[in-house]
Amino acid sequence: QVQLVESGGGLVQDGGSLRLSCVVSGHTISSNAMGWFRQSPGKERDFVGHISRSGRSIYYADSVKGRFSISRDNAKNTVYLQMDSLKPEDTAVYYCAIGSHDYTKYDRPGGYDYWGQGTQVTVSS
């Protein structure tokens, strides 16, 4: 059974930082790209970033570019999302996901096969 468990969320002030982790079990992530998405109440699940299998190719949503950084440790079966200069509009539940092999959908939920349960990030003004 494939499981993804996100952690590291919490409450932080405007301008602060958080580092999210996503530990995967039941599947070796080295064969897949990985993604991060976020969702606020009443809104669609939005793309945050995507990292290739090797980690050499990384894509970000324009809204987080220059502030967020994705990395992965295939030996630990873990993906990370470093979030700096956080803003109140970054408040959301953050999800990691295992990519399918349709790389054309890297920025859409349909491009991912397995999802974690999410971790709440709240940025206060």
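Now for a look at the structure at hand. Everything numeric here is computed off the predicted structure, so don't read it as measured data.

A short note on unusual backbone geometry
Here comes step 1: Residue N77 is not a glycine yet carries a positive backbone phi of 55°.
Here comes step 2: By secondary structure assignment, the location of N77 is in the loop between β7 (68-73) and β8 (78-83).
Here comes step 3: Although it is not a glycine, S85 adopts a positive phi angle of roughly 50°.
Here comes step 4: Position of S85 among the secondary structure elements: in the loop between β8 and β9 (92-99).
Here comes step 5: Residue classification places S85 among the partly exposed positions, given a relative accessible area of 40%.

Observations regarding the side chain of S52
Here comes step 1: The topology assignment puts S52 in the loop between β5 (46-51) and β6 (58-60).
Here comes step 2: Since its relative accessible area comes to 15%, S52 is described here as buried.

Observations concerning the state of the cysteines
Here comes step 1: Scanning all chains against the criterion turns up 1 disulfide.
Here comes step 2: There is a disulfide in this structure between C22 and C96, and the S-S distance comes to 1.9 Å. Judged by the sign of its S-S torsion, about 55°, the bond between C22 and C96 is right-handed. Taken as a pair, C22 in strand β3 (residues 18-25) and C96 in strand β9 lie far apart in primary sequence, 74 residues in all. Like C22, the residue C96 is buried in the burial classification.

Quick word on the nonpolar core
Here comes step 1: Residues M34, W36, F68, V79, L81, M83 and Y94 are the most contacted members of the largest nonpolar core, which totals 30 residues.
Here comes step 2: Elements that contribute at least two residues to this core include exactly β3, β4 (34-39), β5, β7, β8, β9 and β11 (119-124).
Here comes step 3: Here this core takes 5 residues from β9, the largest share from any one element.
Here comes step 4: Aside from chain neighbours lying at most four places away, what touches F68 is R38, V48, Y60, L81, Q82, M83, D84, L86, D90 and Y94.

Notes on the pairing of β11
Here comes step 1: Residues T119, V121 and V123 of β11 are buried on one face, while the alternating residues Q120, T122 and S124, pointing to the opposite face, are not.
Here comes step 2: Taken together, the 4 bridges between strand β2 (residues 10-13) and β11 define a ladder with parallel strand orientation. Its bridge partner lying in β11, V12 is registered against V123.
Here comes step 3: Strand direction decides the pairing type here: β9 and β11, joined by 3 bridges, are antiparallel.

As for the sheet that holds β3
Here comes step 1: With respect to topology, 4 strands assemble into an open sheet ordered β1-β3-β8-β7, the strand pairing being antiparallel. Strand pairing shows two members of the sheet lacking a second neighbour, β1 (3-7) and β7, which therefore form its edges. With direction set aside, neighbouring strand axes in the sheet form an average angle of 15°.
Here comes step 2: In this sheet, β8 lies alongside β3 in antiparallel orientation, the contact comprising 6 bridges. When the sheet's bridge partners are listed, C22 is paired in β8 with V79.

Conventions adopted
- Numbering of residues begins from 1 in every chain and follows the order in which that chain's sequence is written.
- Owing to the predicted nature of the model, reporting of local features is limited to residues with pLDDT of at least 70; listing and counting of side-chain atom pairs is limited to 80 or more, with chain, interface and lining totals taken over all residues.
- Where side-chain values are given, they derive from all heavy atoms of the structure, hydrogens and water being excluded.
- Strands here are runs of E lasting at least two residues and helices are runs of H or I lasting at least four, both read from the DSSP assignment and numbered beginning at the N terminus.
- Burial here depends on accessible area, computed with a 1.4 Å probe over protein chains only, as a share of the maximum for the residue type. Under 20% is buried, over 50% is exposed, and the range in between is partly exposed.
- What counts as a disulfide here is a pair of cysteine sulfur atoms lying within 2.5 Å.
- Note on terminology: a nonpolar core comprises buried Ala, Val, Leu, Ile, Met, Phe, Trp, Tyr and Cys residues joined through side-chain atoms within 4.5 Å.
- By definition, residues are in contact when any of their heavy atoms lie within 4.5 Å.
- Pairing between strands is defined by DSSP: at least two bridges between them are needed.
- For helices, the axis comes from a line fit to the C-alpha atoms of the stretch in contact; other axes are also lines fit to C-alpha atoms, and the angle between any two N-to-C directions lies between 0 and 180 degrees.

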